[in-house]
Amino acid sequence: MQIELRPYERHGSLNGRAGNRLVLWILADPHYLSPSLFDRQADAFRSILAVNSGKLIEHMPEVMEEFLSRALRERPDAVLFPGDLTLNGELTGLLEMEQMCSHLEAAGIRVLVIPGNHDIDCRYASVLTGDVSKPAERVTRDVFITHMRRFGYDNAISRDDHSFSWIVPLADDLRILGFDTNTTACPGGIPEGTLTWAENVLAQANAEGAAVITMMHHNLLVQNRFMETGFVLKNRAEVFNVLDNHGVMLNLSGHIHLQHGSRENSLTDITTASAAVFPLGYGVLEIAEGHREWNYHREYMTQFQDAALRRMNETCERFLQDTLAQLDISEADRTCMRKAGQEVCVAVFAGWAYRPSDEEAEWGCRLWSERASDTFWGKYIVSAIEQKHMEETI
Ligand SMILES: [Fe+2]
Ligand SMILES: [Fe+2]
């Protein structure tokens, strides 16, 4: 299976004053599962692959190894983890992720971590080595803080009392504000007390002439109109107003697992796709000397691309099968629609504009718009074909 890995790049402005060029890497949603908790041949493991939305769980240990050795070689100034570090909040996985973060820190690379919705008190934490899944030791909020506080929280110039949110300086004129969007008081949103704290630290940054880049697990802006509920912050309007009013120009998010960027006023929200789905990438944010501009692009891990693409195609096929089965069309036409649908899913998740690979896929696209545009997947696919899901010019 061959596919061209295409670039993804965006750029924008920042309101810093001065300072050297900085390079930040963003690794989103690795959903790492410790090798001690699964067996590839076990029924328990195989059955979760059927419901895992395209993640290449079994190869994430190697993918993380590749990421780590690349980071140790290329030495970005910081590596940011916007949550869902673990598959489903398994303690063993979190401890192994902590070790990886420690390696980076020991090499002088700053590491910044916030939790995702799968990291804390997740009821799906499982051991997948037998015929049936068994409960694994879960990460509680206290355990998460104990192991991850070294990566952001402990170095903060201010911490929030209501959540695991913090603000750390990266340079004299540049700060990163990590929001915890997974509190029990306000899951999927930012608690009121945290927002008040954020207003204060943002006002302080403004007064001191420092730019602030924010990071959160959930999306601040709508990234895909088919994936809004549960993905975009519950209290997005309120949060957006606070950030926008305080001159925040860049937010980094994850959670939705697809690559995208949206802009409202002068604020861009870039969501970095899951490192566990094709094309197994991470974001590279370069802040130019002077801190007035940023440039974001994606890099891809080189191993396991074929396996990741196969997993993505199988997942899309499963998503589409009911819709396709209900259409009164020939088997050959169904094959064309399946092919177009799979290619669209791959492009949407990678953040690439969709181009049909051949005549079959082109015919499949036409069938989606002529025969299935009133179905959920028809609407999704047609909107992607028409590039309506793509970002405005940023
Ligand atoms: Fe995730
Ligand atoms: Fe998530």
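One can find the structure itself at the top, above this paragraph.
Below: a short report on this structure. (Residues numbered from 1 in each chain as written. Chains lettered and ligands numbered in written order. Predicted model: local features only at pLDDT ≥ 70, side-chain atom pairs only at ≥ 80, totals over all residues. Heavy atoms only, no water.)

**Overview of the overall build of the chain**
- Across its full length, the chain carries 10 helices and 15 strands.
- By the compact-globule yardstick of 21 Å for 394 residues, the chain fits well, its C-alpha radius of gyration being 21 Å.
- For the chain, the spread of C-alpha atoms along the principal axes amounts to about 65 × 50 × 40 Å.
- Going through the 394 residues of the chain one by one, you find that 60% of them count as buried.
- For the chain, contacts bridging at least 24 residues in sequence account for 72% of all contacts bridging at least 6.
- Total accessible area computed for the chain in this model is approximately 16000 Å², and 46% of it derives from carbon and sulfur atoms. (Helix = DSSP H or I, 4+ residues; strand = E, 2+ residues; numbered from the N terminus. Rg over C-alpha atoms; globule rule 2.2 N^0.38 Å. Buried < 20%, exposed > 50% of the residue type's maximum accessible area, 1.4 Å probe, protein only. Contact = heavy atoms within 4.5 Å. Areas by Shrake-Rupley, 256 points an atom, 1.4 Å probe, with all protein chains shown as cover.)

**So, the coordination of the iron ion (ligand 1)**
- Surrounding the iron ion (ligand 1) are the protein donor atoms Asp29 (OD), His31 (NE2), Asp84 (OD) and His257 (NE2), at 2.1 to 2.2 Å.
- In this structure, the iron ion (ligand 1) is coordinated by four donor atoms arranged in irregular fashion, with angles at the metal of 89 to 174°.
- The motif formed by the donor residues of the iron ion (ligand 1), counted along the single chain, is D-x1-H-x52-D-x172-H.
- For the pair the iron ion (ligand 1) and the iron ion (ligand 2), the metal-to-metal distance amounts to 3.3 Å, and Asp84 bridges them. (Donors = N, O, S within 2.8 Å, 3.2 Å for Na, K, Ca; no water. Tetrahedral: all angles 85-135°; square planar, octahedral: opposite > 155°, others 65-115°.)

**Some points on the environment of Ile329**
- Counting through the fold element by element, Ile329 comes out in the loop between helix 7 (305–325) and helix 8 (331–350).
- Ile329 gets classed as buried once you look at its relative accessible area, which sits at 11%.
- When the C-alpha positions of Ile329 and Asp306 are compared, they lie 31 Å apart, and in sequence the two are 23 residues distant.
- Those residues within four positions of Ile329 in sequence are excluded, and the remaining contacts are Arg334, Met337 and Arg371.

**Quick word on the nonpolar core**
- Residues Leu24, Phe81, Val113, Trp166, Ile213, Leu285 and Trp368 are the most contacted members of the largest nonpolar core, which totals 98 residues.
- Two domains each donate at least three residues to this core, and these are domain 1 (9–300) and domain 2 (305–385).
- Sequence-distant contacts of Trp368, defined by excluding residues within four places in its chain, comprise Leu320, Thr323, Leu324, Met337, Ala340, Gly341, Ser373, Thr375, Trp377, Gly378, Ile381 and Val382.
- Among the nonpolar cores identified, the runner-up in size contains 22 residues, and Ala205, Ala210, Val212 and Phe240 belong to it. (Core = buried A, V, L, I, M, F, W, Y, C linked by side-chain atoms within 4.5 Å. Domains from an automatic or database assignment.)

**Some remarks on the environment of Val248**
- The residue Val248 is located in the loop between helix 6 (236–245) and strand 11 (250–253) in this model.
- A relative accessible area of 1% places Val248 in the buried class.

**Remarks on the sheet that holds strand 1 (residues 9–13)**
- An order of 1-15-14-2-3-4 is seen for the six strands of this open sheet, with the pairing classed as mixed. Across the chains shown, the open sheet's two edge strands, defined by having one partner strand only, are strand 1 and strand 4 (110–113). Neighbour-to-neighbour, the strand axes of this sheet turn through a mean angle of 20°, independent of strand direction.
- Taken together, the three bridges between strand 2 (residues 22–26) and strand 3 (residues 78–81) define a ladder with parallel strand orientation. (Pairing = 2+ DSSP bridges. Axes fitted to C-alpha atoms, helices over the stretch in contact; angles between N-to-C directions.)

**Focus: helix 7**
- For helix 7, which comprises 21 residues, the first-to-last C-alpha distance of 29 Å matches the rise-based estimate of 30 Å (1.5 Å per residue) to within 8%.
- Largest kink in helix 7: about 35°, centred on Phe319.
- Residues Gln305, Ala307, Ala308, Leu309, Arg311, Met312, Asn313, Thr315, Cys316, Leu320, Thr323 and Leu324 constitute the buried set of helix 7. (Expected span 1.5 Å × (residues − 1). Bend = angle between axes of the 7 residues up to and from the residue.)

**Considerations on the coordination of the iron ion (ligand 2)**
- Looking at the iron ion (ligand 2), one finds its protein donor set to be Asp84 (OD), Asn117 (OD1), His217 (NE2) and His255 (ND1), positioned 2.1 to 2.3 Å from the metal centre.
- Its four donor atoms give the iron ion (ligand 2) angles of 87 to 161° at the centre, a pattern that matches the irregular case.
- Between consecutive donors of the iron ion (ligand 2), the numbers of intervening residues give the motif D-x32-N-x99-H-x37-H.

**Here we look at the pairing of strand 15 (residues 293–300)**
- Across five bridges, the pairing between strand 1 and strand 15 is antiparallel. Across the sheet, the residue bridging to Glu9 is His297, located in strand 15.
- Relative to strand 15, strand 14 (residues 281–287) runs antiparallel, the two being bridged by seven bridges. In the sheet register, Gly283 faces strand 15, and the bridge partner there is Arg298.
- Hairpin remark: strand 14 followed by strand 15, antiparallel, with five residues in the connecting loop; positive phi at Gly290, about 95°.

**Some details on the packing of aromatic side chains**
- Counted by the stated rule, this structure contains 15 aromatic pairs.
- Ring geometry for Phe38 against Phe45: centres 4.8 Å apart, planes inclined by 25°, an arrangement best described as stacked.
- Overall, the relative accessible area of 1% leaves Phe45 in the buried class.
- With centroids separated by 5.7 Å and ring planes inclined at 85°, the aromatic side chains of Phe144 and Phe164 adopt a geometry described as edge-to-face. Taken together, the residues Phe144 in helix 4 (residues 141–148) and Phe164 in the loop between strand 7 (158–159) and strand 8 (166–171) connect sequence positions 20 residues apart.
- Pairwise contacts between aromatic rings join Phe226, Phe319, Phe376, Trp377 and Tyr380 into one cluster.
- Just above the ring of Tyr8 sits the side chain of Arg10; from NZ or CZ to the centre is 4.8 Å. (Phe/Tyr/Trp six-rings, centres within 6.5 Å; stacked < 30°, edge-to-face > 60°. Lys NZ or Arg CZ within 6 Å of the ring centre and 35° of its normal.)

**Describing unusual backbone geometry**
- In this chain, Phe278 is followed by Pro279 through a cis amide linkage whose omega measures 5°.
- Of note, Leu280 is a non-glycine position whose phi angle comes to about 50°, a positive value.
- For Leu280, the location among the structural elements is in the loop between strand 13 (267–271) and strand 14.
- Leu280 gets classed as buried once you look at its relative accessible area, which sits at 0%.
- Phi is positive for His291, close to 55°, though the residue is something other than glycine.
- Position of His291 relative to the elements: it lies in the loop between strand 14 and strand 15.
- Residue His291 is classed as buried on the basis of its relative accessible area of 1%.

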